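# Coordinate analysis (summary)
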Amino acid sequence: MVKSFRVSDLQTLLASMGRSKSGLKQDLVGRALRLVQTEYSPELLKNVRQLYESRFPKTSGWLAARRPEGLPVTYSSSLSSSPTATSQGADYLNGISKPIAPPVAEVKLVPLPFYQTLETLLPPTELIAQNNDKLQDSQCIFELTQNQADQIRNASELRAGIKSIQVVLRICYTDSIGVQEDQYPPNIAVKVNQSYCHVPGYYPSNKPGVEPRRPCRPVNITPWLHLSTVSNRVTVTWGNFGKRYSVAVYLVRVFTSADLFSQLKLCSVESAERCRERIQDKLRFDPESEIATTGLRVSLICPLVKMRLGVPCRVLTCAHLQCFDAVFFLQMNEKKPTWTCPVCDKPAPFELLTIDGLLSEILKETNEDIEEIEYLTDGSWRPIRDEKERDRERERSSTPEYPVVDICVPEANGHSPAHSSTSLTGKSTNGSVGTGAAAPGGGAVVDLTLDSSSEEEEGGGAGGDSEDTEDSADSPAPKRGRYNYDKDLVTAY
């Protein structure tokens with residue numbers, strides 16, 4: 001028995017007896033043989049027998065498609081001595097779907113939200129390698145009852161050619177610990193009644209250096225079945241690379257994302273009062289904490305599609321209050337099932353999803369331009385304006401009511417109004433003499449280009465004023481900088 005074990009079986013046996021499981025296969029075999037020779041204990045014999053029976057079961061629901069020639073089919077003495085067992089074995093070889101004793105009946109497959117199991121046509125059964133080839137073919141023969149065939153035939157269509165009642169094939173690892181998720185073996189191909197059926201391909205990866213991932217989901221074999229009492233033959237081609245796989249066949253009802261959304265609205269809506277209590281618990285003052293939280297900001301934009309939330313949804317086990325859109329989340333998992341929270345990347349199974357009643361009310365009360373809110377310690381909330389709108393309001397509140405004179409707007413002659421009307425003449429528009437023009441509201445425009453000598457000439461009399469005016473008329477226009485305003489002019493308020 002020990003010599004027929006694979007590497008994984010040898011490692012399991014050595015680990016169960018407290019021995020090292022590292023090394024090549026020949027080392028593991030020698031170590032296991034020495035263990036059997038030295039420690040002849042009931043526990044060791046039990047482990048060896050269990051591993052051998054899982055490796056070579058006496059009866060299996062999956063027959064080898066490539067049985068070596070000349071290999072006789074033997075039956076155990078218990079089957080030959082029992083007439084009931086003999087008739088069961090004969091029925092199974094004639095094509096009855098139920099095996100005598102499923103070799104891995106303890107394997108449990110995880111329930112899927114989009115599939116409701118109606119009947120089990122073939123329980124989880126291990127794929128058995130019949131030789132040392134890397135590619136193995138295993139097959140089973142089963143038939144549908146008239147009632148099952150009528151259910152499939154009369155079922156409504158989800159879309160063209162896709163029925164709501166289906167026969168699906170599920171594959172997982174052979175492991176009795178915990179609940180197993182769907183997992184395809186390498187080089188998988190499924191043939192139903194001599195026709196190959198579609199198996200989901202690989203998702204292309206957008207990240208460099210990351211290998212494409214294959215979505216492992218149930219394989220729909222309904223279109224290739226005989227919807228009658230005629231036997232159906234399913235052949236699975238799989239790669240034998242040391243891992244053990246089990247296969248099961250189920251009659252299921254398939255749901256759409258709209259169906260799951262209706263269930264979610266009907267069964268899992270958290271009331272606004274419960275949401276407020278949750279917020280107050282998060283914002284309650286903790287004397288042991290050095291930081292006091294007075295508010296929690298929540299975005300009204302869905303992190304999945306970057307649009308305003310329609311139906312706010314979150315996971316009950318997540319610590320954050322940020323929600324995502326339930327409709328888009330269910331649609332994305334219908335196409336590519338990941339069931340992961342888009343906010344914190346933690347598992348988000350369908351049974352733990354809930355609709356936030358408080359945020360649903362807030363979305364109805366707020367305008368489309370509000371993209372963020374803040375929850376306060378008493379459970380209330382307030383809208384958060386974006387930065388641009390806050391800056392606009394700040395400018396409106398700080399801007400004076402009187403008009404402001406802009407000295408940077410050039411006139412047709414190339415001078416600013418302040419420079420041409422007051423600075424060069426030294427007179428204001430109302431006839432008073434000064435160095436600047438009084439702006440409305442008390443502001444004054446000061447010309448810093450005038451030096452002390454020009455100020456003294458201005459004070460000399462009217463003749464000086466006329467000479468300055470003539471000189472200024474004959475003088476060329478002042479040079480302009482790259483920003484199109486006169487140099488050294490500032491506005492004082």
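Details of the structure are given in the entry above.
A brief structural summary. Each residue is numbered by its place in its chain's sequence as written, counting from 1. Local features in this predicted model are restricted to residues whose pLDDT is 70 or higher, and side-chain atom pairs enter the listing and the counts only when it is 80 or higher, whereas totals over whole chains, interfaces and linings include all residues. Excluded from the side-chain calculation are hydrogens and water; included are all heavy atoms of the structure.

So, about the side chain of Gln166. Helix numbering and strand numbering both begin at the N terminus, where a helix is a DSSP run of H or I of at least 4 residues and a strand a DSSP run of E of at least 2. Following the sequence through the fold, Gln166 ends up in strand E7 (residues 165–173). Residues adjacent in sequence count toward polar contacts only when both atoms are side-chain atoms; beyond that, a polar contact is any pair of N or O atoms within 3.5 Å, and within protein one must be able to donate a hydrogen and the other to accept it. Here the side chain of Gln166 touches Lys163 through a polar contact of 2.9 Å, landing on its backbone oxygen. What makes two residues a contact is simply this: any of their non-hydrogen atoms within 4.5 Å. If we skip the residues at most four places from it in the chain, Gln166 touches Tyr115, Asn220, Thr222, Tyr250, Leu251, Val252 and Val254.

Okay, the sheet that holds strand E14 (residues 269–270) next. One open sheet holds the four strands; their spatial order is E14-E18-E16-E17, and the pairing between them is mixed. Sheet topology places E14 and strand E17 (324–325) at the edges, where each strand pairs with a single neighbour. Angles here are taken between N-to-C directions and fall from 0 to 180 degrees, while the axes themselves are lines fitted to C-alpha atoms, restricted in helices to the stretch in contact. The strands touched by helix H10 (residues 357–365) are E14, strand E16 (312–315) and strand E18 (353–356); relative to E18, the strand with the most contacts, the crossing angle is about 40°. For two strands to be treated as a pair, DSSP must find at least two bridges joining them.

Let's shift gears to the sheet that holds strand E15 (residues 295–299). Strand order in the open sheet made by the three strands is E15-E19-E20, with antiparallel pairing throughout. Both outer strands of the open sheet, E15 and strand E20 (381–384), are each paired with one neighbouring strand and no more. Across the sheet, the axes of successive neighbouring strands diverge by a mean angle of 30°, strand direction being ignored. Where strand E19 (residues 372–376) meets E20, four bridges bridge the pair, whose relative direction is antiparallel. Each bridged residue has a counterpart across the sheet, and for Tyr375 the counterpart in E20 is Trp381. Sitting on the sheet, helix H8 (residues 272–283) is in contact with E15 and E19, with an inclination near 70° to E19.

On to the side chain of Asn47. Locating Asn47 in the fold gives a position in helix H3 (residues 42–55). Excluding its chain neighbours within four sequence positions, the residues that come into contact with Asn47 are Leu13, Ser16 and Met17.

What follows deals with the packing of aromatic side chains. Two aromatic rings, drawn from Phe, Tyr or Trp (for Trp, its six-membered ring), form a pair once their centres lie within 6.5 Å of each other, and the interplanar angle then sorts them: stacked below 30 degrees, edge-to-face above 60, tilted otherwise. Under the criterion given, the structure shown has five aromatic pairs. A ring pair is formed by Phe329 and Trp339, whose centres lie 5.8 Å apart and whose planes are at 75°; its orientation type is edge-to-face. Taken together, the positions of Phe329 in helix H9 (residues 326–335) and Trp339 in the loop between H9 and E18 put the pair 10 residues apart, joining distant regions of the chain. Relative accessibility under 20% of the residue-type maximum defines a buried residue, over 50% an exposed one, and the middle range a partly exposed one, all with a 1.4 Å probe and only protein chains included. Residue Phe329 is classed as buried on the basis of its relative accessible area of 3%. Given a relative accessible area of 14%, Trp339 falls into the buried group. Pairing Trp339 with Phe350 gives two aromatic rings, centres 6.4 Å apart and planes at 70°, and the pair type is edge-to-face. One end of the pair, Trp339, is in the loop between H9 and E18; the other, Phe350, is in the loop between H9 and E18, and 11 residues separate them in sequence. For the pair Trp339 and Phe350, one class covers both residues: buried.

A separate point is the nonpolar core. Only buried residues count toward a nonpolar core, which is a set of Ala, Val, Leu, Ile, Met, Phe, Trp, Tyr and Cys residues joined through side-chain atoms within 4.5 Å. Core analysis: the largest hydrophobic core is formed by 36 residues, its most contacted members being Phe324, Trp339, Leu353, Leu359, Ile373 and Tyr375. Of all the secondary structure elements, the ones that give two or more residues to this core are helix H7 (257–267), H8, E16, H9, E18, H10 and E19. If we ignore the near neighbours within four places in the chain, the residues touching Tyr375 are Ile279, Leu283, Thr294, Gly295, Leu296, Val298, Leu321, Leu358, Leu359, Ile362, Ser380 and Trp381. Counting residues in each nonpolar core, the second largest holds 29 residues, with Ile152, Ala155, Val219 and Leu251 among its members.

It is worth spelling out the environment of Val48 at this point. Assignment of secondary structure puts Val48 in helix H3. In the structure, Val48 is positioned 47 residues away from Met1 in sequence and 7.3 Å away in space, judged by C-alpha atoms. Leave out the neighbours within four places in its chain, and Val48 touches Met1, Val2, Phe5 and Leu13.

We define a salt bridge as a contact between a side-chain nitrogen of Lys or Arg and a carboxyl oxygen of Asp or Glu at a distance within 4 Å. Evaluated as defined, the whole model comprises 11 salt bridges. Here Arg6 and Asp9 are joined by a salt bridge, their closest N and O atoms 3.7 Å apart. Taking the relative accessible area as the measure of exposure, Arg6 reaches 16% and is therefore buried. By relative accessible area, which is 2% here, Asp9 ends up buried.

Limitation: the analysis is restricted to geometry and does not speak to function.
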